[in-house]
Amino acid sequence: MSKLRFQSSAELPFRIELQQAAQAYLEQSRDHRFASAGIWLKAWLLAGLSLACYLLALRADALWQFAPAYVAAILLAMLLAMNSLHDAAHGAVFRRPWLNRLLSRVASLPMGIDSDIWIRRHVHLHHTYPNVDGYDLDIEPNPFLRQTPFQDWAPQFRHQHRYWPLIAALSLPYLCWYGDWLDLMGKSKLQLRDAKPVRAPGFLLAKAGHLALALGLPIWLLHDGGIGWGSVLLCYLLGQMAASCFLVAMILGTHWADVAFFQPGADGKLPHTWHEHQFLTCCDWEPRPRALAHLLGGLHLHLTHHLFPSYSHRHYPALARITRQVAQKHGLDYRCLDYPELWQAQQRFLKFMGSRPQP
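Residues numbered from 1 in each chain as written. Predicted model: local features only at pLDDT ≥ 70, side-chain atom pairs only at ≥ 80, totals over all residues. Heavy atoms only, no water.

Caption draft 1: Quick look at the overall build of the protein. What the protein contains, in helices and strands, is 13 helices and 4 strands. Here the protein has a C-alpha radius of gyration of 21 Å; the compact-globule value for 359 residues is 21 Å, and the two agree. Projected onto the principal axes, the alpha-carbon positions of the protein cover approximately 65 × 60 × 40 Å. Taking all 359 residues of the protein together, the buried fraction comes to 50%. Sequence separation of at least 24 residues holds for 72% of the intrachain contacts in the protein that already meet a minimum separation of 6. Accessible surface for the protein amounts to roughly 17500 Å². Of this, 64% is attributable to carbon and sulfur atoms. The distance from the centre of the 33 positive side-chain charges to the centre of the 25 negative ones in the protein is 2 Å. (Helix = DSSP H or I, 4+ residues; strand = E, 2+ residues; numbered from the N terminus. Rg over C-alpha atoms; globule rule 2.2 N^0.38 Å. Buried < 20%, exposed > 50% of the residue type's maximum accessible area, 1.4 Å probe, protein only. Contact = heavy atoms within 4.5 Å. Areas by Shrake-Rupley, 256 points an atom, 1.4 Å probe, with all protein chains shown as cover. Lys, Arg positive; Asp, Glu negative; His and termini not counted. Charge placed at Lys NZ, Arg CZ, Asp CG, Glu CD.)

Next up, the structure:
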């Protein structure tokens, strides 16, 4: 596969002014791009709530007590990952890289995904090549969703706008118990773009830790109380599916809502710069009420995140305003939708991609 090349942004007026405006914002507020005390307070609060629900589940005497507490612990752990793991993956929490790597490993443990593999897929490939066929592994062909006009069509895709939440719910279990293992064995397309081998000892240790935390300890402590391993396993799957569906529903539409997809030619060149590419492939959206944004780790301001991935998400509201102003000045289409608009655009996209292409 040829190396993909964007047009150079070195002399792009938009990029220069955007960087200058972002730097001026930090200097005027005498701030830095990393996490603050408020972000840490939120992370500790989410971690504490997740741990409290987990401990409550371990003390349950009946399934009706165990199930809601256990699933709540997983959902809160997903919110923690959205607010800390994601920033740490981009080096936006600590100044020291090794602390970001440590936080990524700890925050990914309840989710069951390998943090090193996820960072390579998300940071190195998705963020560099969003919506580019063969490079962005988030849009790889699969039997359930047709996400680009370059992918083959199948009859089941006619209904993908109806069943996509189920596929979204299965994404985390798939990555945890199938996708990560393919990457470990070098059987996935990750190796085509990033030949660095996966470190097996760390991978296996993380998977074992997740199994012990999520299934081993609850099964061991609760089997005498009438909550069998089958019930624990079912609650585990339901919790992972609920967390996965929530995460995907919050972010996937940003790369489906009236955006473009690209398939570079044999020379591997795209006809625009990387910065312009972000406007063509994603958008921002705002939740209502806006207070809900504090739980999303800045992922709703997705275009802003793609332009400023190394900034803590606490800066995204200010950076989104800067992006809007600078984009309008340079004729770039900055879009910020509300969630109903995002949902409608997402459904239009899935219906269009699910329609049989005309010969």
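Caption draft 2: Spatial organisation of the pattern of salt bridges. Within this structure, the stated rule accounts for 8 salt bridges. Where Asp183 meets Arg121, a salt bridge forms, and the shortest distance between an N and an O atom there is 3.0 Å. One end of the pair, Asp183, is in helix 6 (residues 160-184); the other, Arg121, is in helix 5 (residues 115-126), and 62 residues separate them in sequence. This pair shows no difference in class: Asp183 is buried, exactly as Arg121 is. For the salt bridge of Glu140 with Lys189, the shortest nitrogen-to-oxygen distance reads 2.8 Å. With Glu140 in the loop between helix 5 and helix 6 and Lys189 in the loop between helix 6 and helix 7 (190-193), the pair connects residues that are 49 residues apart, well separated along the chain. The class of Glu140 is buried, set by a relative accessible area of 14%. Connected via shared salt-bridge partners are Arg105, Asp116 and Arg199. (Salt bridge = Lys/Arg side-chain N within 4 Å of Asp/Glu carboxyl O.)

Caption draft 3: Representation of the UniProt feature "transmembrane region" (unreviewed entry) in the protein. Following the UniProt record, one finds the feature "transmembrane region" (unreviewed entry) at residues 39-57, 63-81, 163-182, 203-221 and 227-252. Across residues 39-57, the secondary structure splits into 100% helix and 0% strand, with the terminal C-alpha atoms separated by 27 Å. Secondary structure across residues 203-221 divides into 100% helix and 0% strand, with the first and last C-alpha atoms of the span separated by 26 Å. (UniProt positions renumbered as here; feature names shortened; annotations may be inferred.)

Caption draft 4: View of the packing of helix 3 (residues 63-89) against helix 5. Between helix 3 and helix 5, the shortest axis-to-axis distance is 10 Å and the interhelical angle comes to 75 degrees. Between helix 3 and helix 5, the crossing angle belongs to the class labelled roughly perpendicular. In this structure, helix 3 uses Leu85, His86 and Ala89 to contact helix 5, whose residues at the interface are Trp118, Ile119, His122 and Val123. (Axes fitted to C-alpha atoms, helices over the stretch in contact; angles between N-to-C directions. Parallel < 35°, antiparallel > 145°, perpendicular 65-115°, else oblique.)

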